[in-house]
Structure formats: C-alpha cells, structure tokens
Amino acid sequence: MEKDKKLEGVVETTALLVNEDGSDAGSIDPVLIERGHARRMGHLENYFALLQRQDLYSNFSIYGQFNRSIDVRSKAFLAALKDIFCKNPILVHTIVPKRYPYEEEYYRSEEYLNEPFPEHDYIKVLPRLSLESVILNFQETQQQVVSEIIAQYRRDDYQVKNVLTELVSQIRIPICDPGKPNWGLICLPMKVDDEKKEEGVRFGKVIYVSNHCCADAMTGINLFQDIIANLNRATDESVSDDTTIFDYSVDHSAISKIPIPITDRIDYRPALSSLPKFMVSTMLKKYFDYRSNAPETKRISEQNANWHSIVNFPSEQMDVIRTAVRTQGCSVTAFLQTCLSVALQNSGVFQNRRYSELGFDISVPSDTRRILPGDLAADQYKYGSNVAGLHYSYFIPSFQETEFWPLTQYYTGVLRGADYLIGLGTIMLDFVYKKQNIDKLISESYLGNRRGGIILSNVGALVTGGAEATKADRWTLRDLKFVQDVGVLNFSYVVNVVSTPAGGMNVCLSCAQGSLPSRAQFDAVCAEFQHLVSRQTQTQTQPQ
Ligand SMILES: CC(=O)SCCNC(=O)CCNC(=O)[C@H](O)C(C)(C)COP(=O)(O)OP(=O)(O)OC[C@H]1O[C@@H](n2cnc3c(N)ncnc32)[C@H](O)[C@@H]1OP(=O)(O)O
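Model, not experiment: these values are computed from the prediction.

Here we look at the site of the ligand
Around the ligand there are 26 residues in total, and Ala 217, Arg 326, Val 332, Thr 333 and Ser 499 lie nearest to it. Between a nitrogen atom of the ligand and a side-chain N or O atom of Ser 457, the distance comes to 2.8 Å. Burial of the ligand by the protein amounts to 77% of the accessible area it has alone, namely 990 Å². Elements represented by at least two residues in the shell around the ligand include exactly helix H13 (315–327), helix H14 (332–346), strand S12 (359–367), strand S14 (454–461), strand S15 (477–484) and strand S16 (493–500). Top element by residues in the shell around the ligand is S14. It accounts for five residues. Looking at side-chain class alone, the shell around the ligand contains eleven nonpolar, nine polar and six charged residues. When residues of the shell around the ligand are assigned to domains, at least three fall in each of domain 1 (5–257) and domain 2 (309–463 + 480–541).

Next up, the structure:
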C-alpha cells in the first residue's frame, strides 16, 4: 500500500489518519477537515458508495429541457456553476479510498471483506474543477457512449426516447476519481443550433447522470433549478477562454462547509423492539413473494440489460389525474401504485405465478429532507443522498380493476402511515456495522436472488421555473424525466415519476430483461398502464 502517496491538495503537510481499528483510512489533509471541506461519510452515504464499490448499482439520470440553448463556455454558465458549487460543496466531492492508487480489487478482496470497517471512507472537495470535470461530452473515457447518445438523439428527431435512456443507463461514473465529482452532465444540442452548425457545445437539453453517491433525484432537479435561477440573474452570455470553475487553493475561502451527514440529523435506526416483527416479515416475504423469470441478480458488469419505456401524460391530463386523486382522498404515488399492480394483473403477468407466491413487493422511496427541522432542507440538504424507503408486500389476488379506488385508498393509508427509515436503519445499528463488513452483508443479501416486484419513485411536481415562471425570466425548465435501472436491487421493474407544469407527468419505466418474455410484452404492460390511468381518472371527472 502506498501510504505516503499524497493526493493533490492545498498545503504541503499531508497527515495520514488511521482508523480506530488501525486500518489505513486514506491520506487526507487535516486542514481540509478543519475547514469543513473533508469528512467521513455517513452511514447512508457509505451505503451508496458500497453499491458502487461492489458493482451493484449503475446510475440514475435526470433529463432537463430548457426553453433555449446556451454555450457551456459562456461566462453566465461558468459563473452559475461556480456559485452553486461554492454554496454546495457536497456537489464537488470525491471519495478518498483506503488504497492508492484506487484498487477496486481491494474492496472485493477477502482481506477487506472479512473485517468490519466501522469508520467510513473520507469525502473531500476536489482540488480543482473545470468544465471538463463535469461535462461528459469533453471526457475521453465517456466519448464513445456520448457520441452514440447524441447520434441516437438526432435519429429520434431531437426527442429523448427509450433507446437513448438505455444507453445512458450503461454509463459508470467512477467514485474515487481525484479530478471529477460523482456525477456528470451530458449536453444534447437543439435542432436549431445543429442547423446553424456553430462551433462549441451548446445545449438545450441536459442529462444529469449520477452514481448516487451523495446525490439523489432531488439533487439533479435542484441543480437544474439553481442553474436556471443563476442564468436569469446573469447578463453576460459571451464565451470565456478559461474553462476553470474553481481552483481550491485560490477559492477555498469562498466555499461553504460540507454539511454533516443527514443520518447524524435524522436517526434512521429502528427501536430494538421493532426488529423481531421486521425480521419475521422479511423472512415471510422470502417465501411468499412473487419472483419473476428474470435471471438471478449478478453484479452490474455481468448482468443482462433492461428495457425502458417512457409514458407521458400531458399537462391537461396531469391536472385531470391530480383532481381525480384528490377527490378520492388519495395520494398520487398510491394511485400510480394501483395502476401498475392492476396493469400487470390485466396483462396476465401473474397468470403463471407459483401457488405460494401471494405477495408482490413494492418499494417506495421517500425524501428525508421533508422531516428535517427548520430550513435545513432548503439550505444545507438541498443536495445529497437524502432518501429512505418502504418495502411492503401486497396481496396479488386483490389487484382487481373493479376495486380500483378502494385499493388506492388502502395504499394511500399504508404509504402515509409507513416507517420509511427502518429498512436502511438496520445497517446503521451499532451491533450490525461494528461487527460485520457492511459491503459483504449487503452484497450477499442482494446477489444471486430472483427478482421480485417494483420500486416506485415519485418525486412529484416541479412548481417553480416551469410554465408559471415570471415573464422577466428568460430561462425556464420545460420538461423533466427521471430514469433509473434496477441494478442488483432485487426488483423486476423500476418506475420513476416527475412532472413539470409545461411538460406534464413523465413516467419512466424499466424492466429487467427476462422478467417478461419480450420487449413487446413490456411495451404492452406500459400501454395497459397508460390506458388504465386514463380510464380511471376520466370516469372520476365526467359529470354524473
Ligand atoms: C435515485 C433516487 O433518488 S431514488 C429516490 C427519489 N425519490 C424520492 O425522493 C421520493 C420523493 N417523494 C416524496 O417524498 C413524496 O411522495 C411527494 C412529496 C412527491 C408527495 O407525493 P405523494 O406522497 O404521492 O403525495 P400527494 O399525492 O398527497 O402529493 C402532494 C401534492 O403533490 C402533487 N403530486 C404528487 N406527485 C405528483 C406528480 N408526480 N405529478 C404532479 N403532481 C404530483 C399532488 O397532486 C398533490 O397536489 P395537491 O396538494 O395540489 O393535490
């Protein structure tokens, strides 16, 4: 191990910190810690880092459509990024691995996996950042896939369609790159700019791709909103020759502190008294839950791809849906959950299930920012991996269209009354993470399993920067999409939802290949889902 290897830093003195258990914790400059520009990862941050270290999760992406295009080298865009990054340095962190140079093999070796590491690795602010660090179009390692994505986008007449999102989902963002953050942007041109054949990289649509480390869907959406807000304040759109965004050694005093992990603010850990019930229900799910015919889960680099499908409900229809759901006293997430369950039933997906398979597991992530006290959510935790999730099994024979609204009301009750923290909270218990290697625990629980149900992630509606933006705003966000693959998490289907006033509601579905016999059958399920949404909401709004 190269204990003395110095990372690019600010000052000359580089001390080596050692974990309580004596293991090498990576080289980090103590000055960075004092300034609040480096700290150890929290439990949730470490969970998403291990999904990468162990090759269990690929990426999620947010697609934003702006009302007009901008050159990435414009002073306005560069200044917007600098302002956002200085206020929110979690966006420009990298992970400091235990070994230098980063050795993926180490994190998969028996040497590492056989020991608990209760102190998680450090994150620190990058030493310098330029456009090349965040724009994947400029990165040599991503060049091929970005070219394919842009070619596909042009073939699809400048629309984001499923073949394109399937390409994006294959991108891997390395977690310990000393020069790049854990995410990147892909710039897609506008047709009008292509026709002008101008030099440079202008974009009208942009894809935020993240490996989920210290980031979630709201992070991508908030980034787009902050860029728009900054552009609306800027006056100078001329192009700059210098593509530097910041140089830490010069700009460090302008950079805010990285906030403490959200798990130090919100206690995810369950009460010990709730554990027996949780463990019994987890065991029962193993025996009585539906499993699809998709191949057993393998590490990302070895497994089958996914089919994607994007269903759009235009603004007027979105309003009809929202009104119908509100009238029934339900939530949009519960409504979509019913539509998905009944669409699968109507499409015959459960016809050949095994006799004992009575339950269908649906996981619903939630945004933990909502339970933070005061203004912390908007202030310090706007960016980060601030999520939790509910796992619940529903009775397959109950997925009947004739019972649509009673079922939706029942689901609404379940989702509103649920404890979203317990699932992830169990790995944060002292006697779990201090006694076992969490990478090993999680890998063993996810790998080699047959896939079950759905993960349904509804991030809701964007309320600002969209169609109702003020007339003075030159920049607006016209549309958003949220896409995510299943990775090794044991789901057959992933459904992500986000809406804007102008673009309506976008439901992006993906299916692990093999869960259904063919792409055509997956498309048929998605079509049935779309028809069901219309059928159930139109009957609600028609005069009696
Ligand atoms: C990669 C990853 O990051 S995975 C994790 C990402 N996922 C998340 O973070 C999940 C975040 N979601 C949530 O926290 C919540 O479910 C919320 C905030 C979106 C609320 O959604 P629901 O629980 O379904 O609640 P509910 O239906 O009561 O919604 C509240 C309001 O938002 C509206 N709404 C909710 N979802 C949508 C939607 N997709 N489109 C349009 N409007 C919506 C409702 O119509 C309602 O409006 P109203 O008060 O005017 O009637």
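Things to note about the state of the cysteines
Enumeration according to the criterion identifies zero disulfides in this entry. The thiol sulfur of Cys 214 is not disulfide-bonded, and the nearest other cysteine sulfur, from Cys 213, lies at 6.6 Å. The class of Cys 214 is buried, set by a relative accessible area of 4%. Free cysteine: Cys 330, not disulfide-bonded; nearest cysteine sulfur from Cys 339 at 11 Å.

Describing the packing of aromatic side chains
According to the stated counting rule, one finds 26 aromatic pairs in the structure shown. Here Phe 335 and Phe 404 contribute two aromatic rings whose centre-to-centre distance is 5.8 Å and whose plane-to-plane angle is 70 degrees, an arrangement assigned as edge-to-face. With a gap of 69 residues between them, Phe 335 in helix H14 and Phe 404 in helix H16 (residues 404–417) connect regions that are remote in the sequence. In this structure, Phe 335 and Phe 404 share a single accessibility class: buried. Centroid distance Phe 350 to Phe 399: 5.8 Å. Interplanar angle 55 degrees. Geometry classified as tilted. Highlighted residues: Phe 350 in the loop between H14 and S12 and Phe 399 in the loop between strand S13 (387–395) and H16, separated in sequence by 49 residues. The pair formed by Phe 350 and Phe 399 is uniform in burial state, with each residue classed as buried.

Some details on a nonpolar patch on the surface
On the surface, a nonpolar cluster with roughly 730 Å² of combined accessible area is contributed by Val 280, Met 283, Leu 284, Tyr 287, Phe 288, Leu 358 and Phe 395. If you tally residues by element for the nonpolar patch, the top one is helix H12 (residues 275–288), at five residues. For Phe 288, the position within the fold is in helix H12. Phe 288 gets classed as partly exposed once you look at its relative accessible area, which sits at 41%.

With respect to the packing of H14 against H16
Interhelical geometry of H14 versus H16 gives an angle of 125 degrees and a closest axis separation of 8 Å. For the element pair H14 / H16, the angle class is oblique. The handedness of the crossing between H14 and H16 comes out as right-handed. For the pair formed by H14 and H16, the contact residues are Thr 333, Ala 334, Phe 335, Gln 337, Thr 338, Cys 339, Ser 341 and Val 342 on the first element and Phe 404, Trp 405, Leu 407, Thr 408, Tyr 411, Thr 412 and Leu 415 on the second. Its residues assigned to classes, the contact of H14 with H16 shows nine nonpolar, six polar and no charged.

Some details on the layout of surface pockets
Space inside the second largest pocket adds up to approximately 300 Å³. Lining the second largest pocket are 18 residues, and of these Asn 293, Val 349, Ser 515, Leu 516 and Pro 517 lie nearest its centre.

Thoughts on the environment of Phe 246
Position of Phe 246 among the secondary structure elements: in strand S10 (residues 244–247). Residue Phe 246 is classed as buried on the basis of its relative accessible area of 1%. On a C-alpha basis, the gap between Phe 246 and Ala 520 in space is 48 Å, while along the polypeptide they are 274 residues apart. If sequence neighbours within four positions are ignored, Phe 246 has contacts with Lys 82, Phe 85, Val 92, Val 125, Leu 126, Pro 127, Arg 128, Leu 129, Asp 251 and Ile 255.

Some points on the pattern of salt bridges
Going through the model one piece at a time under the given rule, you end up with 26 salt bridges. For Glu 45, the salt bridge goes to Arg 39, with nearest N and O atoms at 2.8 Å. Arg 39 matches Glu 45 in its accessibility class, with the two residues each being buried. Between Lys 481 and Asp 479 there is a salt bridge, and its shortest N-O distance comes to 2.9 Å. As far as the burial class goes, Lys 481 and Asp 479 line up, both buried.

A word on the side chain of Ser 341
Its location among the elements puts Ser 341 in helix H14. Take Ser 341: its relative accessible area is 0%, and that puts it in the buried class. Once residues within four sequence positions are removed from consideration, Ser 341 is found in contact with Phe 350, Ile 362, Phe 399 and Tyr 411.

Some points on the environment of Gly 460
Summarising the element assignment, Gly 460 is placed in strand S14. As for Gly 460 and Val 498, which are separated by 38 residues in sequence, their C-alpha atoms are 5.3 Å apart. Excluding residues that lie within four positions of it along the chain, Gly 460 makes contacts with Val 497, Val 498 and Ser 499.

Thoughts on the domain arrangement of the protein
Domain parsing of the protein yields domain 1 (5–257) and domain 2 (309–463 + 480–541). With 47 residues of domain 1 in contact, the opposing surface of domain 2 contributes 39 residues. At the boundary of domain 1 with domain 2, the tally comes to four salt bridges. Residue Arg 369 pairs with Asp 216 through a salt bridge whose shortest N-O separation is 2.8 Å. Our count for the contact surface shared by domain 1 and domain 2 stands at 21 residue pairs in polar contact (both at pLDDT 80 or more). The biggest single contributor to the side of domain 1 that touches domain 2 is helix H10 (residues 217–233), with nine residues. By residue class, the composition of the side of domain 1 that touches domain 2 is 26 nonpolar, 14 polar and seven charged.

Parameters and conventions
Residues numbered from 1 in each chain as written. Predicted model: local features only at pLDDT ≥ 70, side-chain atom pairs only at ≥ 80, totals over all residues. Heavy atoms only, no water. Near = heavy atom within 4 Å. Polar contact = N/O pair within 3.5 Å; in protein donor to acceptor, adjacent residues only side chain to side chain. Areas by Shrake-Rupley, 256 points an atom, 1.4 Å probe, with all protein chains shown as cover. Helix = DSSP H or I, 4+ residues; strand = E, 2+ residues; numbered from the N terminus. Nonpolar A, V, L, I, M, F, W, Y, C, P; charged D, E, K, R; others polar. Domains from an automatic or database assignment. Disulfide = S-S within 2.5 Å. Buried < 20%, exposed > 50% of the residue type's maximum accessible area, 1.4 Å probe, protein only. Phe/Tyr/Trp six-rings, centres within 6.5 Å; stacked < 30°, edge-to-face > 60°. Patch = residues over 30% accessible without salt bridge, like charges linked within 9 Å, V, L, I, M, F, W, Y side chains within 5 Å. Salt bridge = Lys/Arg side-chain N within 4 Å of Asp/Glu carboxyl O. Axes fitted to C-alpha atoms, helices over the stretch in contact; angles between N-to-C directions. Parallel < 35°, antiparallel > 145°, perpendicular 65-115°, else oblique. Left-handed = near helix turned anticlockwise from the far one by under 90°. Contact = heavy atoms within 4.5 Å. 1 Å grid on protein atoms, 1.4 Å probe; cavity = no way out; pocket = protein on both sides within 12 Å on 5 of 7 lines; lining within 4 Å. Points joined across faces, edges and corners; volume = space filled by probe spheres on them.

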